[in-house]
Amino acid sequence: MRSLFRVALAQLNCFVGDCAGNARRVMEALARADRAGAGFLVTPELALTGYPPEDLLLRRDFLAENRRALGAVLRASRRHPGIAAAVGFVDGEPGALYDAAALVRGGRMLAVYHKQCLPNYGVFDERRYFTPGTRPPVTVVDGVPLGLSICEDLWHPEGSVSRALGGARLVASLNASPYEAGKIRVRERLLGPQTARWCAPLAYVNLVGGQDELVFDGQSLALDARGRVVYRARPFAEDFAIVDLRRSGGTAARRPLPIPEEVYGALVLGVRDYAIKNGFPGAVVGLSGGVDSALTACLAADALGSGAVTGISMP
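Let me begin by describing the structure that accompanies this report. (Residues numbered from 1 in each chain as written. Predicted model: local features only at pLDDT ≥ 70, side-chain atom pairs only at ≥ 80, totals over all residues. Heavy atoms only, no water.)

**Structural notes on unusual backbone geometry**
Across the junction of Tyr 51 and Pro 52, the peptide omega takes the value 0°, indicating a cis bond. Along the polypeptide, Pro 52 turns up in the loop between β2 (40-42) and α2 (60-76). A positive phi angle, near 40°, is found at Cys 151, a position not held by glycine. With respect to the helices, strands and loops of the structure, Cys 151 is situated in the loop between β7 (144-150) and α3 (160-164). One non-glycine residue, Asp 212, lies in positive phi territory at about 55°. Structurally, Asp 212 can be placed in the loop between β10 (208-211) and β11 (214-217). (Helix = DSSP H or I, 4+ residues; strand = E, 2+ residues; numbered from the N terminus.)

Next up, the structure:
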């Protein structure tokens, strides 16, 4: 078997509700990771349903579509028997639903992990839909204790999940962590000490894209066993990388963007995905001659292309 430590990070822009389309994105990443010789693929949180699915979770037909999407990924994994994949999906039935990660390989389900820490503050409302998991986060694959976590689990450094991950030799974290200014620095300050305490490298994969009022910035990370960042994915764009996490050498990671550039990138992505995911052909901008409408027009043009933006001079 290939080394689990040669990890593919698939930073995907998943569409809420498009389970079949999201499954295709995951399967394309799986095939790409296989061609690159990776032994392990990590995808974002709830990659198959998109995040946040919210009241779609109250529909049985949607839950069934989510299970069919997982079945399609499971069948596709038969064509890539040398690689294991951690795939985000919804497990369970109405009344007992779980934000879950399936570990699949060669057409088999090796393990399923259920998110244990459900955020219910700010933009999060997960306790309305999900039940906290109780399954252990560490499973053994090819003799390697492999840890799985989902987003909020790692925001509690002294919590039971983080303590249990101390027995892993490699940790994968599936995330849908929304953007706010400077968030990448907050994540790194949180994850570095935990990773060093586990003495195990971490593959942290974050969702990217706009969803209504939320923007997910991507900026996925790989940290070595000393807690040092060895890879940062692109901000505000899909990305794919192969990282060898057995090594603990120096870092060649790109630097985070300056805050003004970071905020502008978030605005462009939010506008672009709001238009694309709602099927809007373009935008109309009222221009007053002032800086506010000028900046709005610039954002719209960068997001949608100048040919899709109509400017109207206001009286």
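**What to know about the pattern of salt bridges**
Across all of its chains, the model carries 14 salt bridges by this definition. Asp 61 serves as the salt-bridge partner of Arg 59, at 2.7 Å between the closest nitrogen and oxygen. Note on Asp 61: relative accessible area 43%, which makes it partly exposed. A salt bridge links Lys 115 to Glu 126; the nearest nitrogen and oxygen atoms lie 3.0 Å apart. Of this pair, Lys 115 sits in the loop between β5 (108-114) and β6 (138-141) while Glu 126 sits in the loop between β5 and β6, placing them eleven residues apart in sequence. Glu 126 shares its class with Lys 115; the two are buried. Each of the salt bridges in this network shares a partner with another, and the network as a whole consists of Glu 45, Asp 99, Lys 115 and Glu 126. (Salt bridge = Lys/Arg side-chain N within 4 Å of Asp/Glu carboxyl O. Buried < 20%, exposed > 50% of the residue type's maximum accessible area, 1.4 Å probe, protein only.)

**Section: the packing of helix α1 (residues 19-35) against α2**
With their axes 9 Å apart at the nearest point, α1 and α2 run at an angle of 20° to one another. When the interaxial angle is binned, α1 and α2 end up roughly parallel. For the pair α1 and α2, the sense of crossing is right-handed. Seen from α1, the contacting residues are Cys 19, Ala 20, Ala 23, Val 26, Met 27 and Leu 30; seen from α2, they are Phe 62, Glu 65, Asn 66, Ala 69, Ala 72, Val 73 and Ala 76. (Axes fitted to C-alpha atoms, helices over the stretch in contact; angles between N-to-C directions. Parallel < 35°, antiparallel > 145°, perpendicular 65-115°, else oblique. Left-handed = near helix turned anticlockwise from the far one by under 90°. Contact = heavy atoms within 4.5 Å.)

**Details of helix α6 (residues 291-304)**
Look at α6: 20 Å from first C-alpha to last across 14 residues, which is about the 20 Å you get at 1.5 Å a residue. Contacts made by the buried residues of α6 are with α5 (259-277), β15 (283-287) and β16 (309-313). Backbone geometry just downstream of α6 places Gly 305 in the positive-phi region, at approximately 95°. (Expected span 1.5 Å × (residues − 1).)

**Regarding the environment of Glu 28**
Looking at where Glu 28 falls in the secondary structure, it is placed in helix α1. Under the relative-accessibility criterion, Glu 28 is labelled exposed at 55%.

**Section: the sheet that holds strand β13 (residues 229-232)**
On the basis of which strands lie adjacent, the open sheet formed by six strands has the order β6-β7-β8-β9-β12-β13 and mixed pairing. With one partner strand each, in any of the chains shown, β6 and β13 form the two edges of the open sheet. Sheet twist, expressed as the average angle between the axes of neighbouring strands with direction ignored, equals 20°. Where β7 meets strand β8 (residues 170-175), five bridges bridge the pair, whose relative direction is parallel. Of the residues in β8, the one forming a bridge with Ile 150 is Leu 174. (Pairing = 2+ DSSP bridges.)

**Points about empty space enclosed by the protein**
A probe as big as a water molecule, rolled over the atoms, marks out the empty space that is left. Within this structure, the stated rule accounts for two cavities of 30 Å³ or more. Considered as a void within the structure, the largest cavity measures approximately 110 Å³ in volume. In this structure, the largest cavity is lined by 13 residues; those nearest its centre are Tyr 51, Pro 52, Glu 54, Glu 126 and Tyr 129. Here the residues of the lining of the largest cavity are counted per class, giving ten nonpolar, no polar and three charged. One number sums up the size of the second largest cavity: a volume of about 30 Å³. Every residue along the wall of the second largest cavity is listed here: Asn 13, Cys 14, Tyr 51, Leu 207, Val 208, Gly 209, Gly 210, Gln 211, Phe 216 and Lys 277. It is β10 that provides the largest number of residues to the lining of the second largest cavity, a total of four residues. Split by residue class, the lining of the second largest cavity holds five nonpolar, four polar and one charged. (1 Å grid on protein atoms, 1.4 Å probe; cavity = no way out; pocket = protein on both sides within 12 Å on 5 of 7 lines; lining within 4 Å. Points joined across faces, edges and corners; volume = space filled by probe spheres on them. Nonpolar A, V, L, I, M, F, W, Y, C, P; charged D, E, K, R; others polar.)

These results come straight from atomic positions and should not be treated as a statement about function.
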